[in-house]
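Architecture at a glance
Read off the chains here:
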Amino acid sequence: MQTQTCRPCAAGTYSLGTGVRFDEWDEVPHGFANVATNLEADDGFGDAAENCTASKWVPLGDYVASNTDECTATLMYAVSLKQSGTVTFEYIYPDSSIVFEFFVQNDQCQPTVEESRWMRTTEKGWEFHSVELSRGNNVLYWRTTAFSVWSKVPKPVLVRNIGITGVAFTSECFPCKPGTFAPAAGSAACQPCPADTFSGKGATACQPCDPDTYAEPGSGSCKPRPPCTDKDFFYTHTACDARGETQLMYKWAEPKICSEELPQATRLPSSGVKTRCPPCNPGFAKGNSSTCQPCPYGFYSNGSACLSCPEGTEPVLGLEYKWWNVLPPNMETTVLSGINFEYKGIAGWEVAGDYIYTAAGASDSDFMILTLVVPGFSPPSPVLEDTESREVARITFVFETLCSVGCELYFMVGVNSHTNTPVETWTGSTGKQSYTYLVEKNATMSFTWAFQRTPYHEAGRRFTSDVAKLYSINVTNVQGGVASFCRRCAPQPTGSCAPCSPGSAVDPSSGTCRPCPPGTYLRGHPSDGTPTCHPCGPGTRSNQLRSLCYNNCSLALALPGRMLHFEFPSLGQGAGVGTGPGFTPKGLRYSHHFRLSLCGHQGRKMASCADNVTAGLGGPARVVTSYVCQAILVPSDVTGARAAVSSQPVSLGDHLLGVTTSSVLDGIVSPPELFPPSHPDLPDIIFFFRSNDMTQPCSGGRATTIRLRCDPLRVGIGTLAVPSKCPEGTCDGCTFHFLWVTAEGCPRCSSSHHRPIVGACIGGVQKTTYVWREPRLCHGGDGLPPQVIQACRSVDFWLKVGISTGTGVAVLLAALAAYFWKKTQKLEYKYSKLVMDAAARETDATSPDSCAIMEGEDAEDELLFATEMSLFGKLKALTAKRMPDGFDSVPLKTSSSSTDREL
């Protein structure tokens, strides 16, 4: 350095010139800070923060691995650049359940490359990442936080080969580490040694191992070969020969590291046993040669011979593999190392006649990869936007895993060679079962099965007998596929078939297309046979294309003695509800967030949930759109991001089954005891949804029930709630329950919801006022009738009439009383006078026997009564008979006889 000139490094050494490189991770290199924290520690979770002290980045030789729990692990490196430079590194980021961010801050703790903060998930092997650095102080951050709230443990992030340029001109060359070499002077990096070779520090070439030893690529020494066992070989079958026979072959697993020469070593079984070849797969048949050839279009086959489809039918195109004599040409297999995550040029799966299974890998931690590529799909009818299921095709496979430890089988789907997303994972031994995945995008698709025996790396092969088997794979609507059966179709004059127009189905009797009637929809994908028209569920109607059933935000409900009408247009715009905060065992705070859209829009799904973890670097977020969806939210104050992190979106409702007041529909139960009881006079309206996603615990797909309840005081959207007994919205993980309380859950107001109140008659005016019945259980609709005012007669009027009438009756009665009293007095006078006259004649014999008193005779003389008559006697005298001559007759007793005489 005395001359201040740059000279090439010698062979066996390397230099970055103006930079540094970190490619040895037996321990964390000097200058790096490895910190584990819990962002919720300030909120009182001190115990959780203490549990995070061990959740750091872990050096594993050639790379460093992140944590896999809810703690935040940060790997930091501070560097001062003399000039502008770059930082480069390779990484593997397989699982979006971990938030992985890389960012750079200056000495004022200000981010300098915000656009590169969020890393994208990787698809195949290691990916390269580079960021420009500014002159001056730079602090580099690799930060990970796992927030998977499900039971599975996410795969860690791996980082290796960190290089930084612009530091300064180096004054020394660095020797190559063991297992690498630099063959020429002036090397910027060292090359790894190939398999079965080794090298020491500063090597210029690799040395071969002795025959009884072996070395993995990049080894610094050789290891003695162990004796071969039955776990070091596998079996396979050869292609069929001209006689229709196949041979059973045994092969050593690659790379072969065992020795057959050692005592107690297992010998490779003899090969060459011939058996009859299995038949061709459906849609194929043997031609002139012994190989299976696809049947031409218009033909179908069960694997024996190609047959023409009958008239009025067409072939159902697809791919079905259930015989495994050779690997199909559109499938490939390989092995991904579980150590350095690089692909090896060996087969991971082998054919075995009636199934294909995982062969032995170089290590039990290797991933055995099998990939099926489909160039595209040809659905028999166009997939409409507003359909119940936007199914373009489907793949169904039958599989089985046999494991003695915690093996895992992954099923992944890739679109246009990108976004190889894990769809489902099976852990441990599983019985023979079937799984179906719906394809909703017409593109080049790749379907990948990856099997790992154990995630822990150990020398040798201990769990080779742990295998995964695929018995059959069936993909529908494959572009350029073959047919195993034919379906009915609408014949054309040219003799060919054409699909029915949207909303029409083939009539089995006539073979012609007929539109589905209103209230029905077209159910059954053409790949399963001929679609037919099925009735819609209760409270729903079919759309114009008869592709689905939906609710138009209204409902007519018949109750005993009345008909209620509901209208809830605001609920079709969508609403969201979040659960209370939850905490993982490490203290990570998260919540479940749901989006719901009940009705309207001709059945189009309006609720959407996103996964924005992988949306960094300008990439789009993965969005799930349905009637009901769910995502996991981690608040921004936890992750340090500008917005909340949304992850793991799933659909909870892809089609509406019906709207009813019953608690059970199509096998889905909405237990009423999950929520407070509703009003006895107005039951809840329940929406039933079902999703297309089928998982291991939910073989029939997830389901959702939404109870719509009336509350006139909650105008507009209202409030959404989950059951208090099941704060995450579900009690079994498969069926989700919600209570939606809003004024729009009330029926439209009508005459049955109000009653009249009749007022008093005041001043000749009477008012009738209408009020709502309590409690009021209606909203909108008809308002209260206006107040009715009518003329009336008041109480004063009727009081006057009563007094006048009473006075008149009293006067009349007094007059009558006076009249009869005077009449009575006259009669008494006459009677007394007659009695006195009769008494006088008894004493006077010469007196006349009788006398008569003319009516009108003066009765003013005073009389002295000898005796006084009673009231009865007076009345009897008053009613005595009157003689025809106008005189009153009075019975008299003569002196000579007791016989009465009438005068």
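Parameters and conventions
- Every chain is numbered independently, its residues counted from 1 as its sequence is written.
- Under the rules for a predicted model, residues below a pLDDT of 70 receive no local features and side-chain atom pairs below 80 are neither given nor counted, while totals for whole chains, interfaces and linings still include all residues.
- Side-chain numbers here rest on the full set of heavy atoms in the structure, without hydrogens or water.
- A helix here means a DSSP run of H or I that spans at least four residues, while a strand means a run of E at least two residues long, and both kinds are numbered starting from the N terminus.
- Buried means the residue's accessible area, taken with a 1.4 Å probe over protein chains only, is under 20% of the maximum for its type, while exposed means over 50%, and partly exposed covers the values in between.
- We call two residues in contact when some of their heavy atoms are within 4.5 Å.
- Per-residue and other accessible areas follow the Shrake-Rupley method at a 1.4 Å probe size, with only the shown protein chains counted as cover for residues.
- Working definition: rings of Phe, Tyr and Trp (its six-membered ring) pair if their centres are within 6.5 Å, and the pair is stacked with planes under 30 degrees apart, edge-to-face with planes over 60 apart, and tilted otherwise.
- The definition used for a disulfide is geometric: two cysteine sulfur atoms within 2.5 Å.
- The criterion for strand pairing is that DSSP finds at least two bridges linking the strands in question.
- Axis definition: a line fitted to C-alpha atoms, limited for helices to the stretch in contact. Angles are taken between N-to-C directions and run from 0 to 180 degrees.
- As used in this record, nonpolar core signifies buried Ala, Val, Leu, Ile, Met, Phe, Trp, Tyr and Cys residues forming a set joined through side-chain atoms within 4.5 Å.
- Here a patch means residues that are over 30% exposed by relative accessible area and free of salt bridges, tied together within 9 Å if like-charged and within 5 Å if nonpolar (Val, Leu, Ile, Met, Phe, Trp, Tyr).
- The term salt bridge refers to a pairing of a side-chain nitrogen on Lys or Arg with a carboxyl oxygen on Asp or Glu at a separation within 4 Å.
- Any N or O atom pair separated by 3.5 Å or less is treated as a polar contact, with the protein-specific requirement of one donor-capable and one acceptor-capable atom, and with residues adjacent in sequence counted only for side-chain atom pairs.

Right, let's get into the overall build of the chain. Each helix and strand counted, the chain has 4 helices and 67 strands in total. Across the 903 residues that make up the chain, the buried fraction comes to 45%. Intrachain contacts of the chain at a sequence separation of at least 6 include 66% that bridge at least 24 residues. For the chain, the exposed area adds up to about 45,300 Å²; of that, 55% sits on carbon and sulfur atoms.

The subject of this paragraph is the packing of aromatic side chains. Pairs of aromatic rings are described using the distance from one ring centre to the other and the angle between the two planes. Tallied over the full model, the rule gives 39 aromatic pairs. Pairing Phe32 with Trp142 gives two aromatic rings, centres 6.3 Å apart and planes at 40°, and the pair type is tilted. Of this pair, Phe32 sits in strand 3 (residues 32-37) while Trp142 sits in strand 10 (residues 136-146); the two residues are 110 residues apart in sequence, bridging distant segments of the chain. No difference in accessibility class separates Phe32 from Trp142, as the two residues are buried. Between Phe89 and Trp142, the aromatic rings sit 5.8 Å apart at their centres with planes inclined by 75°, giving edge-to-face as the arrangement. Of this pair, Phe89 sits in strand 7 (residues 85-92) while Trp142 is found in strand 10, placing the two residues 53 residues apart along the sequence. Comparing Phe89 with Trp142 shows no difference in burial state: the two are buried.

A word on the state of the cysteines. By the definition in use, this model includes 18 disulfides. For Cys240, the disulfide goes to Cys277, at an S-S distance of 1.9 Å. Between Cys240 and Cys277 the sulfur-sulfur dihedral comes to about -135°; the bridge is accordingly left-handed. Of this pair, Cys240 sits in the loop between strand 19 (233-237) and strand 20 (245-252) while Cys277 sits in the loop between strand 21 (273-276) and strand 22 (284-286), and the two are 37 residues apart along the sequence. The same class applies to Cys240 and to Cys277, which are both buried.

In this section: the sheet that holds strand 63 (residues 754-758). The antiparallel open sheet is built from 3 strands, whose spatial order is 63-64-65. The strands lining the two open edges of the sheet, one partner per strand, are strand 63 and strand 65 (788-791). Averaged over all adjacent pairs, the angle separating strand axes in this sheet is 25°, with direction ignored. Bridge analysis of strand 63 against strand 64 (residues 765-772) gives 5 bridges, and the strand direction is antiparallel. Directly across from Arg755, in strand 64, lies its bridge partner Val771.

Sheet architecture is open: 3 strands sit in the order 19-20-21, paired in antiparallel fashion. The strands lining the two open edges of the sheet, one partner per strand, are strand 19 and strand 21. Averaged over all adjacent pairs, the angle separating strand axes in this sheet is 30°, with direction ignored. As judged from the 4 bridges shared by strand 20 and strand 21, these two strands associate in the antiparallel manner. Across the sheet, Glu245 pairs through a bridge with Arg276, a residue of strand 21.

In terms of nonpolar packing, the biggest core is built from 39 residues, with Leu372, Phe447, Trp449 and Ile473 touching the most fellow members. Leu564, Val577, Leu720 and Phe736 belong to the second-largest nonpolar core, a separate cluster that totals 36 residues.

A separate point is a nonpolar patch on the surface. There is a patch of nonpolar side chains on the surface, built from Val809, Leu812, Leu813, Leu816, Tyr819 and Phe820 and spanning about 610 Å² of accessible area. For Leu812, the position within the fold is in helix 3 (residues 795-843). A relative accessible area of 51% means that Leu812 is categorised as exposed.

What follows concerns the pattern of salt bridges. Think of it this way: side chains of opposite charge can pair up when their charged atoms draw near. For the structure on display, the rule yields 12 salt bridges. Between Lys256 and Glu260 there is a salt bridge, with the nearest N and O atoms lying 2.5 Å from each other. Glu260 sits in the partly exposed class, given a relative accessible area of 24%. Taking the shortest distance from any N to any O, the salt bridge between Asp684 and Arg709 comes out at 2.7 Å. With a gap of 25 residues between them, Asp684 in the loop between strand 58 (668-669) and strand 59 (685-690) and Arg709 in strand 60 (residues 703-710) connect regions that are remote in the sequence.

With that settled, the discussion passes to the environment of Tyr437. Structurally, Tyr437 is set in strand 35 (residues 430-439). Sequence spacing of Tyr437 and Val475 is 38 residues, and the spatial spacing of their C-alpha atoms is 9.7 Å. Excluding residues within four positions of it along the chain, Tyr437 makes contact with Ala393, Arg394, Ile395, Phe411, Val413, Val423 and Phe447.

Another point: the pairing of strand 60. Most of strand 60 sits out of view: 8 of its 8 residues are buried. The alternating pattern of strand 60 places Ala703, Thr705, Arg707 and Arg709 and Thr704, Ile706, Leu708 and Cys710 on opposite faces, both of which are buried. When strand 59 meets strand 60, the two strands line up antiparallel, connected through 6 bridges. Bridge pairing links Phe689 to Thr704 in strand 60. Relative to strand 62 (residues 735-742), strand 60 runs parallel, the two being bridged by 8 bridges. Opposite Leu708, over in strand 62, you have Trp740 as the bridge partner.

Bringing the environment of Gly186 into the picture now. By the secondary structure assignment, Gly186 is in the loop between strand 13 (180-181) and strand 14 (191-192). When the C-alpha positions of Gly186 and Pro8 are compared, they lie 4.3 Å apart, and in sequence the two are 178 residues distant. Filtering out sequence-adjacent residues up to four positions away, Gly186 remains in contact with Pro8 and Cys9.

Bringing the pairing of strand 55 (residues 645-653) into the picture now. Two faces belong to every sheet, and in a regular strand the side chains alternate between them. With 9 of 9 residues buried, strand 55 is to be regarded as a mostly interior element. Bridge count for strand 54 (residues 628-634) against strand 55 is 6 bridges, and the pairing is antiparallel. In the sheet register, Val628 faces strand 55, and the bridge partner there is Gly653.

Along the polypeptide, Gln766 turns up in strand 64. In terms of polar contacts, Gln766 uses its side chain to reach the backbone carbonyl oxygen of Gly759, at 3.2 Å. Apart from residues no more than four positions distant in its own chain, Gln766 is found in contact with Val758, Gly759, Ala760, Cys761, Val788, Ile789, Gln790 and Cys792.

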